[in-house]
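# Survey of secondary and tertiary structure
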Amino acid sequence: MSTPHNQAIMGDIAKVVLMPGDPLRAKFIAETFLENPVQFNSVRNMFGYTGTYKGKKVSVMGSGMGMPSIGIYSYELYKMYDVENIIRIGSAGAYSKDIPLYSVVVSDYAYSLSSYAKTQGYEKNTIESSKELNKIIKETALDLKINTYFGGIHSTDVFYGNADIEDLYKNKGCFFYYFI
């Protein structure tokens, strides 16, 4: 069943979806890393593809910029297409000078003052990441000898805001920020 934002039908999308913000990054990832990628979405140029990686069915789809955009796509993926895990991938900034440029960062939790989470029924300002997925990522990074930073992120829907970085870093434990 397609939606106003996604032309896929049930079965087109894998249970695991990688979601960069940029739809062109999704296209690049699909064409570079997936075997036999098939495009399942191009509505509003929010490209989505499904293929296989090392024999496992995987999808990759852009999420756009801003919490409302990823909110639309992630909601529909979970509710209408039976997706089990979405892994947000992409770039982030660091609040700590101790974290080198181009580091691999994995979020333990996201802190936000956005009203978006509250409208979806979350009462707290902090939402934890999947411990199960993070464990797999950590083990894989160790096996591949990839230096990985785990920590909290500050997720915001204001790109050029006036956030109190010192408070976010020291009091909220946020090492990184995403503009989702």
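Residues numbered from 1 in each chain as written. Predicted model: local features only at pLDDT ≥ 70, side-chain atom pairs only at ≥ 80, totals over all residues. Heavy atoms only, no water.

Going through the model one piece at a time under the given rule, you end up with zero aromatic pairs. The cationic tip of lysine 138 hangs over the ring face of phenylalanine 150; the distance from NZ or CZ to the ring centre is 5.5 Å. (Phe/Tyr/Trp six-rings, centres within 6.5 Å; stacked < 30°, edge-to-face > 60°. Lys NZ or Arg CZ within 6 Å of the ring centre and 35° of its normal.)

We now examine the sheet that holds strand 4 (residues 56-61). Read from one edge of the open sheet, five strands run 2-3-4-1-5, paired in mixed fashion. Looking at strand neighbours, the two that pair on one side only are strand 2 (35-41) and strand 5 (85-88), the edges of this open sheet. Between one strand axis and the next, the sheet turns by 25° as a mean value, whatever way the strands run. Two strands pair when backbone bridges link them, and strand 1 (residues 16-19) and strand 4 are joined in this way by two bridges, in the parallel orientation. The partner of leucine 18 across the bridge, within strand 4, is valine 60. This element, helix 1 (residues 23-33), spans strand 2, strand 3 (48-53) and strand 4 of the sheet and lies at about 25° to strand 3. (Pairing = 2+ DSSP bridges. Helix = DSSP H or I, 4+ residues; strand = E, 2+ residues; numbered from the N terminus. Axes fitted to C-alpha atoms, helices over the stretch in contact; angles between N-to-C directions. Contact = heavy atoms within 4.5 Å.)

This part covers the nonpolar core. Ala8, Ile13, Val17, Met19, Phe40, Met46, Met61, Tyr73, Leu77, Tyr81, Val83 and Ile86 form the largest nonpolar core, which has 12 residues in total. Elements supplying a minimum of two residues to this core: strand 1 and helix 2 (67-81). With three residues, the top contributor of residues to this core is helix 2. Once you skip the residues sitting within four places of it in the chain, valine 17 turns out to touch Ser59, Val60, Met61, Leu77, Val83, Asn85, Ile86 and Ile87. In terms of nonpolar packing, the next biggest core, distinct from the first, is built from eight residues, Ile29, Ala30, Tyr49 and Val58 among them. (Core = buried A, V, L, I, M, F, W, Y, C linked by side-chain atoms within 4.5 Å. Buried < 20%, exposed > 50% of the residue type's maximum accessible area, 1.4 Å probe, protein only.)

The sheet contact formed by strand 2 and strand 3 spans four bridges and is antiparallel. For glutamine 39, the partnering residue across the bridge sits in strand 3 and is tyrosine 49. The antiparallel hairpin formed by strand 2 and strand 3 contains six residues in its connecting segment, where arginine 44 sits at a positive phi of about 55°. Where strand 3 folds back on strand 4, the antiparallel hairpin that results is connected by two residues, among which lysine 54 adopts a positive phi of roughly 50°.

Turning next to the side chain of glutamate 76. In this structure, glutamate 76 sits in helix 2. No salt bridge forms around the buried glutamate 76; measuring N to O, its nearest opposite-charge neighbour arginine 44 is 7.7 Å away. Discounting residues that sit within four places of it in the chain, glutamate 76 has contacts with Thr3, Pro4, His5, Asn6 and Tyr81. (Lys, Arg positive; Asp, Glu negative; His and termini not counted. Salt bridge = Lys/Arg side-chain N within 4 Å of Asp/Glu carboxyl O.)

Turning our eyes to something else, we now look at helix 4 (residues 131-143). Between its terminal C-alpha atoms helix 4 stretches 18 Å, which fits the 18 Å expected from 13 residues at 1.5 Å a residue. Buried within helix 4 are the following residues: Leu133, Asn134 and Ala141. Angular distribution of buried residues about the axis of helix 4 spans 95°; they occupy a single face of the element. Every exposed residue of helix 4 that faces more than 90 degrees away from the buried side is listed here: Lys131, Glu132, Lys135, Leu142 and Asp143. Immediately downstream of helix 4, the backbone of lysine 145 shows phi near 60°, a positive value. (Expected span 1.5 Å × (residues − 1). Arc of directions from axis to C-beta.)

Another point: the environment of isoleucine 70. Within the fold, isoleucine 70 resides in helix 2. You can call isoleucine 70 buried: its relative accessible area is 15%. On a C-alpha basis, the gap between isoleucine 70 and arginine 88 in space is 9.6 Å, while along the polypeptide they are 18 residues apart.

With that settled, consider the pattern of salt bridges. Using the criterion set out here, one finds five salt bridges in the structure. Across the pair lysine 170 and glutamate 166 runs a salt bridge, and its minimum N-O distance is 3.1 Å. On the criterion of helical spacing, the pair formed by lysine 170 and glutamate 166 is a turn pair, its members being four residues apart in helix 5 (residues 165-170).

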